[in-house]
Amino acid sequence: MDVGFLVFGLAGLLTLVCFMPPLAGRVKLPYSVLLAIVGCLLGIVIHVHGWAPAWIGDFLDSLERFEISSETFLMVFLPVLLFETALSMNVRRLMDDIGPILMMAIVAVVVCTVVVGVTLDAISPYGLVVCLLLGAIVATTDPVAVVGIFREVGAPKRLTTLVEGESLFNDAASIALYSVLLAVLSGKGELSVSGIFNDFIVHFIGGGVAGFAMGRLACFLFAWLRGFPTAEITLTLTLAYLSFFISEHYLNVSGVVATVIAGLVVGSTGRTRMSPTTFEHLSSAWEQFGFWANSLIFLFAAMLIPKLMAAADWQELVLVGVVFVVTLVARAIVVFGLLPLLGLTRLGTKVSNPYKVVMLWGGLRGAVSLALALAVTEQTGVPEEARQFIAVATTGFVLMTLFVNGISLRPLIRMLGLNQLSPVERTIRNQVLAVALEDLQGKTEEVAKAEHIGNEVRDRIRAVFDASLASVHDGRVSQMTDEQRVAVGLAIVAQREEEMFFDILKAQIVDWRMAETLLARAERLEDAIRLGGVEGFERAIAADVRYSTGFRLALRLHYVFGFQGWLARELGQRFANLMSKRSVAQRLIGFAREQITPLLGEEATQRIVSLHQRRLDLIENAMQALNLQYPSYAQWLQESYLGRVARELERIRYRDMLEQFLISGEVYADLTEQLKSRWAHIDKHPPLDIEMSAAELIKRVPLFEGLSPDSLRAISKLLKPRLALPDQRVLTKGRHGEEMCFVASGAVAVHLPDNTMIELGSGEFFGELGLLGEEQLTPDVTSLGYSKLLMLSSRDFHALLARDENLRDRIQVVAKQRLRAIEVWKQFSQASAAAAATPAPVAGPSSAQAAEAAEAAGAGGPPEGEDLRAARELRGEPADGGEVPGADALGAGAPGAAAPSDPVLGTPEPASR
């Protein structure tokens, strides 16, 4: 065929397509139905066009000579349709309903195949395999036909997600069954349940893995193409075709699933990897690609309908009606029978009855079913009668779903009220309308005065505003409960937060890795509010400041193997994330006060502000420990943040000057290059230094002062530096007797059995009593901040004491002092308990009685006054019997850290927190 006529035919079809959307709106028909009608008419006219002028005749001749095969449908159009639908889907919403979606995409296909196959086998002479093959072909639904109707009538987003998700994945299930059954019918395979099941599992899961890998690879390549929007968009187009073709022809897995998963990956993570302006253009570009592909595939498929239906007889038409009824029955079995059972498990979510009715009736079929039927007609190994029957039955069935279900679907949605706003949404809409109209009415009056418009005209315009305000007066927010208003306000603020994070990405204040994390956290917060309201928000903000799974894994590897690089990166990432969240949280509070108050009222806004203030406090507390431990890194983060803001403001200023023609394009380019050079230093991310050399850290421990250099080197080889997080357990009960710890920097809290607490600061140690075989007291120890510790195992501890007598004597002195204090504390506690149990009016023993008890025990050590002092301080009481200074009094663990007046626990210091 002449290339010129091929281009002429395609251009003519696209020109015809341009007028289809407005025409569909005028005649009140779904767009897909109108395309099917026009395609059928073209399929008839191209064979009888002798009456037409030369240019129309040439156009119709070019259409007649188009070689439209099943491979054209599957390889040219299907990848674009699948990728475009997947790209626009919200992955988080999809995962919320993944149970029902997979039920409809996989189980429904199998049920439809079996029910149609068994039923037609009982009433027709074509055989079970042919009937099953027909069932697999008609089991696939068309997303474009249904979703187009949903968007026209304003159907709920969740219903659209359910139907779109089903349509995306059921193509894979249907094509997998189709391939196996076609091989059996052609004599190249055997029909077995296990064979079909295994083939489907391999194709489905393998396609998912392949699509995920190629999607992630494309996201990685976006970083190389950043700044070249045309190249980035082109890469997404090639990804759609390559993921489909490579999976089908080289990996022998499902190309449909691979393309869908690749589209979902790019849609969910691509906007953080691409340049910000590119992602804004990407959606519109793919909407255009999808419009072309959908329109052409429907026209080409419909043009084949007259040819496929030409040899149909009345028996085959009767069977078409039977197929239509049976597929509805099979779909009803899944929608009303299996979905409720799935809803009883953790995998399923509740689906309301109106949704089920629309899902049942909305299973429209389209171009994919026609393409599979056309592929059967091209198989010479299939009997002629079977090919004819499958072509006629599929074509007739597709037409019935389009003209019966498609035309009646819009009235059905309206009848069920699914196109209506919920009561809360209607109330919010009325409140928004009232606030906007009141503001606009005032501004309109100002314009009228400035333009000297007559009073009669102004009165007419004022009447329009007054009538609109009166119509929404009865639906104000005052009718909503306080919880509803707060939940709605939190949802609005959460959506604003997500956009703020995206604005931060566009301004290049954070890199794509951090933006990806921040956007994911914002989406999780929005989901928590949607599902749990205020309680969900409170749970989400608590979880937001917790350590990530990657951080915990890095910390675990650090503790087990001593790896520090990954942990340092995770700490730096956490630091920067907390700073970005704090900045956004502060702005969200201002946003709520300015924008939410007119909508929801002062009371609801104050509660929303207080909830976000609590969130801000949690973020501040999480940052405080990092700021104190790493002040230099905190200063660099602030400098980087402010520098990035300044860079973006400068870029905006130059762009505004260019748009106002104050500078030329050449000057703008030169200014931009200078801007990049001027602020290049803020992109050089310094590592967060948590390097903890044992040789350096042991110099901070007074216990090791005065030791010889050889002893210090030997000790540094035995000690393992570790980083402890705030509130992390350092030495729990189960680990006593296995290791001891030296506090090189920071502080730890020793939790005593009587619920009191003692702080040990830099230079002190703990856990030595267990290593010496004394396990009378095994308290829990937790870190009060980001503490740097030196860990010594039991084996190395005994080896160290055997090697260095001086060090052994020092540790034993402290151990004896602590043992003496523990003994006195126990005697004092027992005496206090005994005194409390007696009916005497005194509350407990005197200090002299406690001292006498200690002396009666025959224990040596400090004088009885200091024994009592030690016992009191172990309990968190003041040594002089006065006011309790608090459980955070710092006890010394080494002689060099203790004050002369207290050789056991040292001089108390104020609590660090």
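Residues numbered from 1 in each chain as written. Predicted model: local features only at pLDDT ≥ 70, side-chain atom pairs only at ≥ 80, totals over all residues. Heavy atoms only, no water.

Peer 1: What exactly am I supposed to notice about the overall build of the chain here?
Peer 2: The helix and strand tally for the chain stands at 35 helices and 8 strands. Looking at the chain residue by residue over its 913 residues, the buried ones come to 50%. Counting only contacts in the chain whose residues sit at least 6 apart along the sequence, the fraction spanning at least 24 positions is 79%. (Helix = DSSP H or I, 4+ residues; strand = E, 2+ residues; numbered from the N terminus. Buried < 20%, exposed > 50% of the residue type's maximum accessible area, 1.4 Å probe, protein only. Contact = heavy atoms within 4.5 Å.)

Peer 1: Would you mind going over the packing of aromatic side chains with me for this structure?
Peer 2: Note on aromatic pairs: each is described by the distance of the centres and the angle between the planes. All told, the structure shown has 11 aromatic pairs when counted by the stated rule. Judged by centre distance (6.1 Å) and plane angle (20°), the rings of Tyr31 and Phe291 are stacked. Of this pair, Tyr31 sits in helix 3 (residues 31-45) while Phe291 sits in helix 14 (residues 276-303), and the two are 260 residues apart along the sequence. A residue is classified by how much of its surface remains accessible, and Phe291, at 26% relative accessible area, is partly exposed. On the basis of an interplanar angle of 45° and a centroid distance of 6.0 Å, the ring pair of Phe77 and Phe300 is categorised as tilted. Here Phe77 is found in helix 5 (residues 70-87), whereas its partner Phe300 is found in helix 14, with 223 residues between them in sequence. Classification of Phe77 as buried rests on a relative accessible area of 8%. Here a set of aromatic residues connected by ring pairs shows up, and it is made of Phe83, Trp286, Phe289 and Trp292. (Phe/Tyr/Trp six-rings, centres within 6.5 Å; stacked < 30°, edge-to-face > 60°.)

Peer 1: Explanation requested: the pattern of salt bridges in the structure shown.
Peer 2: Pairing of side chains with opposite charge becomes possible as their charged atoms draw close. Applying the stated criterion across every chain yields a total of 18 salt bridges. Note that Asp482 is salt-bridged to Arg485, the shortest N-O span being 2.6 Å. Linking Asp482 with Arg485, this pair stays in helix 22 (residues 482-506), spanning 3 residues, or about one helical turn. For Asp482, a relative accessible area of 37% translates into the label partly exposed. You can call Arg485 buried: its relative accessible area is 14%. (Salt bridge = Lys/Arg side-chain N within 4 Å of Asp/Glu carboxyl O.)

Peer 1: Any chance you could explain helix 11 (residues 193-225) here in plain terms?
Peer 2: Residues lying three or four places apart along an α-helix face the same way, a consequence of the helix completing one turn every 3.6 residues. If you check helix 11, its first and last C-alpha atoms are 47 Å apart, about what 33 residues at 1.5 Å a residue would give, namely 48 Å. Those residues of helix 11 lying buried are Ile196, Phe200, Phe204, Gly207, Gly208, Ala210, Gly211, Met214, Gly215, Ala218, Cys219 and Phe222. Buried-residue contacts for helix 11 involve helix 7 (98-123), helix 10 (157-185), helix 12 (229-249) and helix 13 (255-273). Where helix 11 terminates, the next one or two residues include Gly227, which has phi positive at roughly 100°. (Expected span 1.5 Å × (residues − 1).)

Peer 1: How should the sheet that holds strand 2 (residues 729-731) be read in this particular structure?
Peer 2: Whenever strands of a sheet pair, they do so through backbone hydrogen bonds, lying parallel or antiparallel. Ordered in space as 2-7-4-5, the 4 strands form an open sheet in which the pairing is antiparallel. The two strands at the open ends of the sheet, each matched to only one other strand, are strand 2 and strand 5 (757-760). Looking at each pair of strands side by side, their axes are set apart by 35° on average, direction ignored. Two strands pair when backbone bridges link them, and strand 4 (residues 748-751) and strand 7 (residues 780-783) are joined in this way by 4 bridges, in the antiparallel orientation. Bridging across to strand 7, Val750 finds its partner in Val781. (Pairing = 2+ DSSP bridges. Axes fitted to C-alpha atoms, helices over the stretch in contact; angles between N-to-C directions.)

Peer 1: What exactly am I supposed to notice about the nonpolar core here?
Peer 2: Here is a general trend for soluble globular proteins: nonpolar side chains tend to be buried in one another's company. Of all hydrophobic cores here, the largest spans 141 residues; its most connected members are Leu13, Leu63, Phe73, Leu133, Phe169 and Phe300. Look past the residues within four positions of Leu63 in its chain and what remains in contact with it is Gly9, Leu13, Leu42, Ile46 and Met303. Judged by nonpolar contacts, the second largest core, of 79 residues, contains Ala515, Tyr630, Ala724 and Val781. (Core = buried A, V, L, I, M, F, W, Y, C linked by side-chain atoms within 4.5 Å.)

Peer 1: Whenever I open this one, a nonpolar patch on the surface confuses me. Can you help?
Peer 2: There is a patch of nonpolar side chains on the surface, built from Val110, Val114, Val118, Leu128 and Leu191 and spanning about 380 Å² of accessible area. For the nonpolar patch, the element with the most residues is helix 7, which contributes 3 residues. By the element assignment, Val118 lies in helix 7. On the accessibility criterion, Val118 (48% relative accessible area) is partly exposed. (Patch = residues over 30% accessible without salt bridge, like charges linked within 9 Å, V, L, I, M, F, W, Y side chains within 5 Å. Areas by Shrake-Rupley, 256 points an atom, 1.4 Å probe, with all protein chains shown as cover.)

Peer 1: Looking at this model, I keep getting lost on the sheet that holds strand 1 (residues 720-724). Mind explaining?
Peer 2: Strand order in this open sheet of 4 strands is 1-8-3-6, and the pairing throughout is antiparallel. Both edges of this open sheet fall to strand 1 and strand 6 (765-766), since each of them pairs with a single strand only. Taken together, the 6 bridges between strand 3 (residues 739-745) and strand 8 (residues 787-793) define a ladder with antiparallel strand orientation. Considered in strand 8, the bridge of Val743 is made with Leu789.

Peer 1: Hey, could you run me through the confidence of the model for the chain in this one?
Peer 2: Where the model shows low pLDDT, its predicted coordinates should not be examined in detail. Scored by pLDDT, the chain has a mean of 78; 84% of the residues are at 70 or more. Predicted confidence in the chain is weakest over helix 34 (residues 847-856), with a mean pLDDT of 40, and strongest over helix 12, with 92. Every residue in residues 840-913 is under pLDDT 50, and counting partners more than four places away or in other chains gives 133 contacts. (pLDDT = per-residue confidence, 0-100.)

Peer 1: How should I be thinking about the pairing of strand 3 in this particular structure?
Peer 2: The side chains of a regular strand alternate, residue by residue, between the two faces of the sheet. Here strand 3 lies mainly inside the structure; 7 of its 7 residues are buried. Relative to strand 6, strand 3 runs antiparallel, the two being bridged by 2 bridges. When the sheet's bridge partners are listed, Cys741 is paired in strand 6 with Phe766.

Peer 1: I would appreciate a short explanation of unusual backbone geometry in the present structure.
Peer 2: Of note, Asn252 is a non-glycine position whose phi angle comes to about 55°, a positive value. Note that Asn252 resides in the loop between helix 12 and helix 13. Positive phi values are uncommon outside glycine, yet His452 reaches one of about 55°. Relative to the elements of secondary structure, His452 occurs in the loop between helix 20 (423-450) and helix 21 (455-471).

Peer 1: I keep staring at the pairing of strand 5 and nothing clicks. Help me out?
Peer 2: A two-sided burial pattern is seen for strand 5, the buried positions comprising Met757 and Glu759 on one face and Ile758 and Leu760 on the other. When strand 4 meets strand 5, the two strands line up antiparallel, connected through 4 bridges. Within strand 5, the position partnered with Val748 by the bridge is Leu760. Counting the residues in the hairpin turn of strand 4 and strand 5 gives 5 residues, including Asn755, whose phi is positive at 70°.

Peer 1: Sorry, what's going on with the environment of Ser794 here?
Peer 2: Position of Ser794 relative to the elements: it lies in helix 32 (residues 794-803). Exposure remark for Ser794: the relative accessible area of 22% places this residue in the partly exposed category. Considered as a pair, Ser794 and Glu768 are 26 residues apart in the sequence and their alpha carbons are 9.1 Å apart.

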